[in-house]
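Tertiary structure, described
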Amino acid sequence: MSFGLNDCILAISTPSGKSFRAIIRLSGKDVFSYLRGIFAPGDIGKIACEKGFNSYHSNIYLEKEQVNIPASIYTMRSPNSYTREDVVEIHTFGSPPLLEMLMETLLSSGEDKTDKEGNVEVIRGLRIAEPGEFTKRAFLNGRISLAEAESVMHVIRSRTDSELLMSVANMKGKLTELMHKIQEELVNLCARTEAAIDFYDQDIELISSGGIKKELEQLKERLCMVSGEGQKPIISHYGVKTVFIGLPNAGKSSLFNKLLDRSRAIVTPVRGTTRDTLEADMVIEGVNLRMRDTAGVTCGDGELESLAAQRTYGSMDDAQIVLFVVDGSVPLCVQQIELFDSITTRNKITVINKADIKQNVCYENLPSQMKAFPVVNTSVHTGEGLDRLKKTIVSEILESSVDISASDIVFTMRQKMVIGKAIEIIGQISDSLAEDVGYELIAMDLRRAVDTIGEVTGEVVTDDILDIVFSTFCVGK
């Protein structure tokens, strides 16, 4: 359900549950009036008249519940607040029952309106905010761009320092600035193309089709570079996809549990215990990993084995790092070497497990393709090699093709799809130029490309786009 900007909204802006402090945030026109009767001192008129940012420290009194509690109120006047509306923040104890009472009191408050006949009607204009509505209002009121609004969610979800730095760079407008530059060049190209239409019959060439195509290729290349298409993969906010691969009984699940320092996967002496993929998060030296344990690859032709193999190979396809685990007590077989060769990921680490028992596999007798990647010996029982394995994983991330630098831009799926659409349109224009299509149609497609880029920054926005962006936010943000 959609509501208008004329409503006043409120929400608890701190995580649910018990806490020492909690914040209730209100935003909207005349929002200060809703404090009347609950905040002492009762001089709400003074609070409403003071300009800028102010703070007040006193007590909140809830008459119905006979509750009197200390609280601080921070007021931010329009247009200098986050939403560019009048904003109030109530800071008090984080007791869930207390917050519920306070919310009910605020929502039941209103203004008395008397008609000519003397009838009194209570006008209630305060409601619970929709998910992301504070940030949505900041965008709709011109405080931030759409790309910056999406970065707010990235900042909230950041789990490591690197992710936070990337998100903050976006929130400061880095992505918007880059998209604006590309958009301006497209607008300039479109203007020259449209101007050339007027002189088409007069042998005056303002811009040739070759010139348009050359500029479009440059713009396409920049879009591909910015979005990372064809470039090194960027770590998502869910961490580096790190997948355990190997034959059954290699010790993948035991190693998975040991690295996590908890029993996430079921481990038994029975061969092929793991039949499904398991995921868990882990942070090593500030780098967030999305660890995934998979079923051992077997030659069985049963339905269960087939489904397990499909999921394992599916995990391999989108892995950013693969830990290829082998049982060091058993000689390598052809199937293991073929499985290793089938892994397309550029980052592979061979883990020779079970180092605490007699070894039949060592670095020297590994095939050359395995020696081209890091090799680590480990033992789940003694802990041998686990620290080295962790350091090797981090080293592979920092020194190879997986990029976590804060200078790169993190895209949402929506932004990535929009930029992909713009790249596709530019490719279509180049094809049209090769077919000698008239400049009128070329100009129309150029305007389409300009509008598509505008969907990233928010210059071109629809209700559907807003729903996609803000539906992932939590209430109170």
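Quick look at the structure, then.

Glancing now at unusual backbone geometry. Note the cis peptide between S78 and P79, where omega equals 5 degrees. Its location among the elements puts P79 in the loop between β5 (67-76) and β6 (87-94). Positive phi, close to 70 degrees, is recorded for N249, a residue that is not glycine. Classification of N249 as partly exposed rests on a relative accessible area of 37%. Even without being glycine, D436 reaches a positive phi, approximately 60 degrees.

A separate point is the pairing of β5. β5 sits mainly inside the fold: seven of its 10 residues count as buried. With 10 bridges joining them, strand β4 (residues 53-62) and β5 adopt antiparallel strand pairing. In the strand pairing of β5, N59 is matched with P70. Where β4 hands over to β5, the hairpin turn is made up of four residues, of which Q66 adopts a positive phi near 55 degrees. Looking at chain direction, β5 and β6 are connected through five bridges and run antiparallel. Considered in β6, the bridge of Y74 is made with E89.

Let's shift gears to the nonpolar core. Counting residues in each nonpolar core, the largest one holds 30 residues, and the members touching the most others are M179, L186, I212, L216, L223, I429 and L446. At the level of secondary structure, the elements contributing two or more residues to this core comprise α6 (174-198), α7 (209-227), α13 (413-434) and α14 (439-457). The element contributing the most residues to this core is α13, with eight residues. Beyond its immediate stretch of four places on either side in the chain, L223 contacts M179, I182, I419, A422, I423, I426 and I453. Within the second largest apolar cluster, 26 residues are counted, among which are V88, I90, L102 and L106.

Our next topic: the environment of E459. Relative to the assigned elements, E459 resides in the loop between α14 and α15 (463-470). A residue is classified by how much of its surface remains accessible, and E459, at 47% relative accessible area, is partly exposed. Here E459 is in contact with H180, Q183 and G454, once residues within four sequence places are set aside.

Our focus in this paragraph is the packing of aromatic side chains. In the structure shown here, the tally under the stated rule is three aromatic pairs. On the basis of an interplanar angle of 70 degrees and a centroid distance of 5.9 Å, the ring pair of F340 and F373 is categorised as edge-to-face. With F340 in helix α10 (residues 334-342) and F373 in the loop between α11 (368-371) and β15 (375-377), the pair connects residues that are 33 residues apart, well separated along the chain. In this structure, R25 is placed above the aromatic ring of F134, and the distance from its NZ or CZ to the ring centre is 5.6 Å. For the cation-ring pair, K371 lies above Y363, with the distance from its terminal atom to the ring centre recorded as 5.4 Å.

This part takes up the pattern of salt bridges. Tallying each qualifying case throughout the model produces 14 salt bridges. Linking R25 and E89 is a salt bridge whose minimum nitrogen-to-oxygen distance equals 3.0 Å. Taken together, the residues R25 in strand β2 (residues 19-27) and E89 in strand β6 connect sequence positions 64 residues apart. The pair R25 / E89 is uniform in exposure class, with both members buried. E85 serves as the salt-bridge partner of R137, at 3.1 Å between the closest nitrogen and oxygen. One end of the pair, R137, is in helix α3 (residues 133-140); the other, E85, is in the loop between β5 and β6, and 52 residues separate them in sequence. Exposure class is identical for R137 and E85. Each is buried. Salt bridges linked by common partners bring D7, E85, R127, E133 and R137 together as one network.

Cut-off values and rules
- Residues numbered from 1 in each chain as written.
- Predicted model: local features only at pLDDT ≥ 70, side-chain atom pairs only at ≥ 80, totals over all residues.
- Heavy atoms only, no water.
- Helix = DSSP H or I, 4+ residues; strand = E, 2+ residues; numbered from the N terminus.
- Buried < 20%, exposed > 50% of the residue type's maximum accessible area, 1.4 Å probe, protein only.
- Pairing = 2+ DSSP bridges.
- Core = buried A, V, L, I, M, F, W, Y, C linked by side-chain atoms within 4.5 Å.
- Contact = heavy atoms within 4.5 Å.
- Phe/Tyr/Trp six-rings, centres within 6.5 Å; stacked < 30°, edge-to-face > 60°.
- Lys NZ or Arg CZ within 6 Å of the ring centre and 35° of its normal.
- Salt bridge = Lys/Arg side-chain N within 4 Å of Asp/Glu carboxyl O.

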